[in-house]
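Topology and contacts: notes
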Amino acid sequence: MTSDFTSVFLAFFVLTVAIRLWLKWRHIAFVTSHRAAVPASFAERIDLPSHQKAADYTIARCKMAVFDILVEAGLLLALTLGGGLTALHELWSPRLDGLSYGLAMIFSVLAISGLIDLPLSLYKQFVIEARHGFNRMTLGLFFSDLIKQTLLGVAIGAPVILAVLWLMSAMGQYWWFYVWLFWSAFNLLIMFVYPTWIAPMFNKFSPLEDGDMKSRIEALLTRCGFRSSGLFVMDGSKRSSHGNAYFTGFGNNKRIVFFDTLLSRLEGPEIEAVLAHELGHFRKRHVVKHMALMFAMSLGFLWLLDQLIGAPWFYAGLGVAAHSTVLALILFFLVMPVFTFPFSPLKSYLSRRHEFEADAYAAEHAQASDLVHALVKLYQDNASTLTPDPLHSLFHDSHPPAAQRIARLQLLDKPA
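Described below are features of the structure shown in this document. (Residues numbered from 1 in each chain as written. Predicted model: local features only at pLDDT ≥ 70, side-chain atom pairs only at ≥ 80, totals over all residues. Heavy atoms only, no water.)

1. With respect to the environment of Phe205
Considering the arrangement of structural elements, one finds Phe205 in strand β1 (residues 205-207). Classification of Phe205 by relative accessible area gives buried; the value is 16%. Expressed as a C-alpha distance, the spacing of Phe205 and Phe259, which sit 54 residues apart in the sequence, is 9.4 Å. Those residues in contact with Phe205 that lie beyond four places of it in its chain are Ala199, Pro200, Phe232, Val233, Met234, Tyr246, Arg255 and Val257. (Helix = DSSP H or I, 4+ residues; strand = E, 2+ residues; numbered from the N terminus. Buried < 20%, exposed > 50% of the residue type's maximum accessible area, 1.4 Å probe, protein only. Contact = heavy atoms within 4.5 Å.)

Below, the structure is given as structure tokens:
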């Protein structure tokens, strides 16, 4: 059984890595082949230099992603069949036991992964983003963010990991259900406290100033029957020139946040249309549906982990001779993406359907043409390619391709 599972793991591993690499090279080739001309449906809105900038940016990111995939694959093999987890177990097991051993093992894996990712992140930020005109972050700010993220991760992660490990050892046969209850409650708590306690550690959030823009937004919220705890502007330009807007929190702690880069680029009706789209996600209960799916999947994964904890072939098949709850937990979350990646289009399909529904909602409460204008500006400002490879997009893009999305909006447009 051990050798059988090793073969199954390696087969899925090779399949997943091969698909990911193939998709990236397809995407590079497709974008390159369409670089010379702006798609006809965008010819009046996007100039050729902007289109080519988006193509070059996309290609650069894809080439970096190829390297990322190879590094991730190498790290996974090193930790499993290469003996990395066994070495960590032999390091910590004579020195620590119980919860302290589990905490040391998990943080060791996270630290190794983080150290390997650090030079890659630096290259992405200060070479790729800078080369294409998006980076506004200094080295000092980069490492300040990294230190904050690390300290925050330890401060929040250590108690959470200890609680999970304790529940796994103390709750008997149905530990997986108790861990699921705890994990679900923790996620809901983070969603509630993130806007007011965590996000301000990294960015400044200022109330949207009184004026025509605020009045327009408040009128839209009233029409849609939506209540929030405030409208805020985030200093996104501190780190990047990319623009965005989002909702955060839930219940009475919902906030609407605009990047300052977005407000400086879009006109009032366009911002209203973008906000109407985001409101559509709430009115169509996409957030609740996403949470319900996430919780259901986490329950299923925890139950599956329970079935594997006592299976010697699971450990041995992944190159680990020792057996423990902690090792099973680490192995499970290391290898699960290998088996789930081929199903990524299902997740993409659900997300795209939600985007189309939110666009339709926006067309009911604002002008579809304003949303089209806003999207075109965002595609241009963020250097998003207008010609993605369809298959790559199916696996990786949560939003529909630009041409599809705008074509549907144009059908929904109504007289001003």
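2. Things to note about the packing of aromatic side chains
The final tally for this structure, using the stated rule, is 18 aromatic pairs. Ring geometry for Phe12 versus Phe339: centroids 4.8 Å apart, planes at 45 degrees, classification tilted. Highlighted residues: Phe12 in helix α1 (residues 2-33) and Phe339 in helix α12 (residues 325-340), separated in sequence by 327 residues. Phe12 gets classed as partly exposed once you look at its relative accessible area, which sits at 29%. (Phe/Tyr/Trp six-rings, centres within 6.5 Å; stacked < 30°, edge-to-face > 60°.)

3. What about the side chain of His281?
As for its placement among the helices and strands, His281 is situated in helix α9 (residues 268-283). We classify His281 as buried; its relative accessible area is 11%. For His281, the side chain forms a polar contact with the side chain of His277, separated by 3.2 Å. Sequence-distant contacts of His281, that is, excluding residues within four places in its chain, are made with His286, Val287, His354, Glu355 and Ala358. (Polar contact = N/O pair within 3.5 Å; in protein donor to acceptor, adjacent residues only side chain to side chain.)

4. Describing a nonpolar patch on the surface
Among the surface-exposed residues, Tyr174, Phe177, Tyr178 and Leu181 lie close enough to one another that they form a single nonpolar patch of about 390 Å² accessible area. Within the secondary structure, Leu181 sits in helix α6 (residues 175-198). (Patch = residues over 30% accessible without salt bridge, like charges linked within 9 Å, V, L, I, M, F, W, Y side chains within 5 Å. Areas by Shrake-Rupley, 256 points an atom, 1.4 Å probe, with all protein chains shown as cover. Salt bridge = Lys/Arg side-chain N within 4 Å of Asp/Glu carboxyl O.)

5. Details of the packing of α9 against helix α14 (residues 368-381)
The contact between α9 and α14 brings their axes to 8 Å, and the two run at 95 degrees. With respect to their mutual orientation, α9 and α14 come out roughly perpendicular. Listed contacts from α14 to Pro269, Glu270, Ala273, Val274 and His277 of α9 are Asp370, Leu371, His373, Ala374 and Lys377. Its residues assigned to classes, the contact of α9 with α14 comprises five nonpolar, two polar and three charged. (Axes fitted to C-alpha atoms, helices over the stretch in contact; angles between N-to-C directions. Parallel < 35°, antiparallel > 145°, perpendicular 65-115°, else oblique. Nonpolar A, V, L, I, M, F, W, Y, C, P; charged D, E, K, R; others polar.)

6. Concerning the sheet that holds strand β4 (residues 255-259)
Taken in spatial order, the four strands of this open sheet run β1-β2-β4-β3, and their pairing is mixed. Looking at which strands have only one partner, the edges of the open sheet turn out to be β1 and β3 (245-248). Geometrically, the sheet is characterised by an average inter-axis angle of 30 degrees between neighbouring strands, direction not taken into account. Here strand β2 (residues 231-234) pairs with β4 via four bridges, running parallel. Bridging from a neighbouring strand, Phe232 pairs with Val257 of β4. In this fold α9 packs onto β3 and β4, with an angle of close to 35 degrees to the strand it touches most, β3. (Pairing = 2+ DSSP bridges.)

7. A short note on empty space enclosed by the protein
Over the atoms rolls a probe the size of a water molecule, and in doing so it shows where empty space is left. Within the structure shown, the criterion is met by two cavities of 30 Å³ or more. Here the largest cavity defines a volume of roughly 40 Å³. Around the largest cavity, the lining residues are Ile46, Ser50, His51, Ala54, Tyr379, Gln380, Ala383, Ser384 and Leu386. Secondary structure elements with two or more residues in the lining of the largest cavity: α2 (48-79) and α14. By residue number, the principal contributor to the lining of the largest cavity is α2, which donates three residues. Classifying every residue of the lining of the largest cavity by side-chain character gives five nonpolar, four polar and no charged. Lining the second largest cavity, in full, are Tyr194, Pro195, Ala199, Phe205, Tyr246, Thr248, Arg255 and Val257. Only α6, β3 and β4 provide two or more residues apiece to the lining of the second largest cavity. Classifying every residue of the lining of the second largest cavity by side-chain character gives six nonpolar, one polar and one charged. (1 Å grid on protein atoms, 1.4 Å probe; cavity = no way out; pocket = protein on both sides within 12 Å on 5 of 7 lines; lining within 4 Å. Points joined across faces, edges and corners; volume = space filled by probe spheres on them.)

8. A short note on helix α13 (residues 344-365)
Relative to the 32 Å expected for 22 residues at 1.5 Å per residue, α13 spans 32 Å between its end C-alpha atoms, a close match to the ideal helical length. Within the sequence span of α13, burial applies to Ser344, Pro345, Ser348, Arg352, His354, Glu355, Phe356, Ala358, Asp359, Tyr361, Ala362 and Ala363. (Expected span 1.5 Å × (residues − 1).)

9. Some points on the nonpolar core
Among the nonpolar cores identified, the biggest contains 52 residues, and Leu85, Met105, Met168, Trp175, Leu305 and Phe314 are the most heavily contacted of them. Sorting elements by how many residues they give to this core places α12 first, with 11 residues. Discounting chain neighbours no more than four positions away, the residues touching Leu85 are Leu79, Met105, Val109, Val320, Ile330, Leu331 and Leu334. Phe226, Ala245, Ile271 and Ala363 belong to the second-largest nonpolar core, a separate cluster that totals 45 residues. (Core = buried A, V, L, I, M, F, W, Y, C linked by side-chain atoms within 4.5 Å.)

10. With respect to the pattern of salt bridges
Any two side chains of opposite charge can pair, on the condition that their charged atoms come close. Scanning the model with the defined rule gives 11 salt bridges in all. We note a salt bridge from Glu72 to Arg20, for which the minimum N-O separation is 3.2 Å. Taken together, the residues Glu72 in helix α2 and Arg20 in helix α1 connect sequence positions 52 residues apart. The salt bridge involving Glu272 is made with Arg216; its shortest N-O contact spans 2.9 Å. Here Arg216 lies in helix α7 (residues 212-224) and Glu272 lies in helix α9, a separation of 56 residues in the sequence.

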